[in-house]
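Chain by chain, the residues run as shown.
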Amino acid sequence: ETGVTQTPRHLVMGMTNKKSLKCEQHLGHNAMYWYKQSAKKPLELMFVYNFKEQTENNSVPSRFSPECPNSSHLFLHLHTLQPEDSALYLCASSQETDTQYFGPGTRLTVL
Amino acid sequence: DQQVKQNSPSLSVQEGRISILNCDYTNSMFDYFLWYKKYPAEGPTFLISISSIKDKNEDGRFTVFLNKSAKHLSLHIVPSQPGDSAVYFCASRSSGTYKYIFGTGTRLKVLA
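Because the structure is predicted, anything quoted here is derived from the model rather than measured. (Residues numbered from 1 in each chain as written. Chains lettered and ligands numbered in written order. Predicted model: local features only at pLDDT ≥ 70, side-chain atom pairs only at ≥ 80, totals over all residues. Heavy atoms only, no water.)

Draft legend 1. Inspection of the sheet that holds strand β3 (residues 18–25) of chain A at higher detail. Residues and elements named next belong to chain A. Ordered by their spatial adjacency, four strands build an open sheet running β1-β3-β8-β7, and the pairing between neighbours is antiparallel. Each having just a single partner strand, β1 (4–7) and β7 (64–70) make up the two edges of the open sheet. Strand-to-strand twist in this sheet, taken as the mean axis angle between neighbours without regard to direction, amounts to 20°. When β1 meets β3, the two strands line up antiparallel, connected through four bridges. If you follow Thr-7 over to β3, its bridge partner there is Lys-22. (Pairing = 2+ DSSP bridges. Helix = DSSP H or I, 4+ residues; strand = E, 2+ residues; numbered from the N terminus. Axes fitted to C-alpha atoms, helices over the stretch in contact; angles between N-to-C directions.)

Structure, rendered in structure tokens:
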């Protein structure tokens, strides 16, 4: 499945680093999402973009900063993260509010 | 408050038998439901969906049943195959919203 791609697949960063996660969708969808999956917890929606406009920010700390330059690309900029931010970060896309299709995720470890 | 619950964290089934995964929800405004399968180190893969105007949807070996009065849905896999071993998530949303609420998942193990 190459409809939604994410890079990098794995990332290790220190608490003072700045890094970015990238997501690209090739499905022609108009909505894109960032989710966080921590161990033994449900997927948590972080951000939603519809036609490049942010429509949902689920009370996410400002150390996570999303960017959506167009309907096909989505970034998550990370800075001064905490060890508890270590998780699997998943990107998804959908056409309007229909079924969401996920990328493979980025496994993030914050030291 | 968890609006979507999968109360069984794990399930083991013999190959060839039926697997039944359950999901309960509390929000009566939910009108669209999805099931996803997830292998380790991969993102969730969409399996099957159902809208609230139906009570059953079939796709090959996978059938989803929706009981609106009980706020309960189930995924039936028959016959189960070892390749079906994965974590299964249900997800629900209200009409017109982008926000899906996910359950915590059920780990299915199909024994050969």
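Draft legend 2. Molecular detail of a nonpolar patch on the surface. Residue and element names in this part refer to chain B. Residues Ile-18, Ile-20 and Val-78 make up a contiguous nonpolar surface patch of roughly 220 Å² in combined accessible area. Its location among the elements puts Ile-18 in the loop between β2 (10–14) and β3 (19–25). Exposure remark for Ile-18: the relative accessible area of 40% places this residue in the partly exposed category. (Patch = residues over 30% accessible without salt bridge, like charges linked within 9 Å, V, L, I, M, F, W, Y side chains within 5 Å. Areas by Shrake-Rupley, 256 points an atom, 1.4 Å probe, with all protein chains shown as cover. Salt bridge = Lys/Arg side-chain N within 4 Å of Asp/Glu carboxyl O. Buried < 20%, exposed > 50% of the residue type's maximum accessible area, 1.4 Å probe, protein only.)

Draft legend 3. Fine view of the pairing of strand β11 (residues 106–110) of chain A. Residue and element names in this part refer to chain A. A one-sided burial pattern is seen for β11, the buried positions being Thr-106, Leu-108 and Val-110 and the unburied ones Arg-107 and Thr-109. Pairing of strand β2 (residues 10–13) with β11 involves four bridges; the strand directions are parallel. Within β11, the residue paired with His-10 across the bridge is Arg-107. As paired elements, strand β9 (residues 87–94) and β11 share three bridges and run antiparallel to each other. Each bridged residue has a counterpart across the sheet, and for Ala-87 the counterpart in β11 is Leu-108.

Draft legend 4. Highlighting the state of the cysteines. Under the counting rule described, the total for this entry stands at two disulfides over all chains. Across a sulfur-sulfur distance of 1.9 Å, A:Cys23 and A:Cys91 are joined as a disulfide pair. Taking the torsion about the S-S bond as the criterion, the A:Cys23 to A:Cys91 disulfide, at about -70°, is left-handed. A residue pair is termed long-range when its members are at least 10 positions apart, and A:Cys23 in strand β3 and A:Cys91 in strand β9 qualify at 68 residues. What makes A:Cys91 buried here is its relative accessible area of 0%. Note on cysteine connectivity: B:Cys23 is disulfide-linked to B:Cys90, with sulfurs 1.9 Å apart. Residues B:Cys23 and B:Cys90 are joined by a disulfide whose S-S torsion is about 70°; by sign, that bridge is right-handed. Pair noted here: B:Cys23 is in strand β3 and B:Cys90 is in strand β9 (residues 86–94), with a separation of 67 residues, a long-range link. We classify B:Cys23 as buried; its relative accessible area is 0%. (Disulfide = S-S within 2.5 Å.)

Draft legend 5. Seen up close, the pattern of salt bridges. Residues and elements named next belong to chain A. A complete count under the given rule lists five salt bridges over all chains for this structure. Between Arg-63 and Asp-85 there is a salt bridge, and its shortest N-O distance comes to 2.7 Å. With a gap of 22 residues between them, Arg-63 in the loop between β6 (53–57) and β7 and Asp-85 in the loop between β8 (73–79) and β9 connect regions that are remote in the sequence. Assessed through its relative accessible area of 2%, Asp-85 is described here as buried.

Draft legend 6. Summary view of the interface of chain A and chain B. Across the contact, 25 residues belong to chain A and 20 residues belong to chain B. Considering only the surface of chain A that becomes buried against chain B, A:Pro42, A:Thr97 and A:Thr99 emerge as the three largest contributors, covering 30% of it. For the pair chain A and chain B, the interface holds zero salt bridges. Listed by contribution, the elements that provide at least two residues to the side of chain A that touches chain B are β4 (31–37), β5 (44–50), β6, β9 and β10 (101–102) of chain A. Counting residues per element, the side of chain A that touches chain B draws most heavily on β4(A), which supplies four residues. Among the residues forming the side of chain A that touches chain B, the class breakdown is 12 nonpolar, eight polar and five charged. (Contact = heavy atoms within 4.5 Å. Buried area = accessible area lost by both parts, 1.4 Å probe. Nonpolar A, V, L, I, M, F, W, Y, C, P; charged D, E, K, R; others polar.)

Keep in mind these numbers describe shape, not what the thing actually does.
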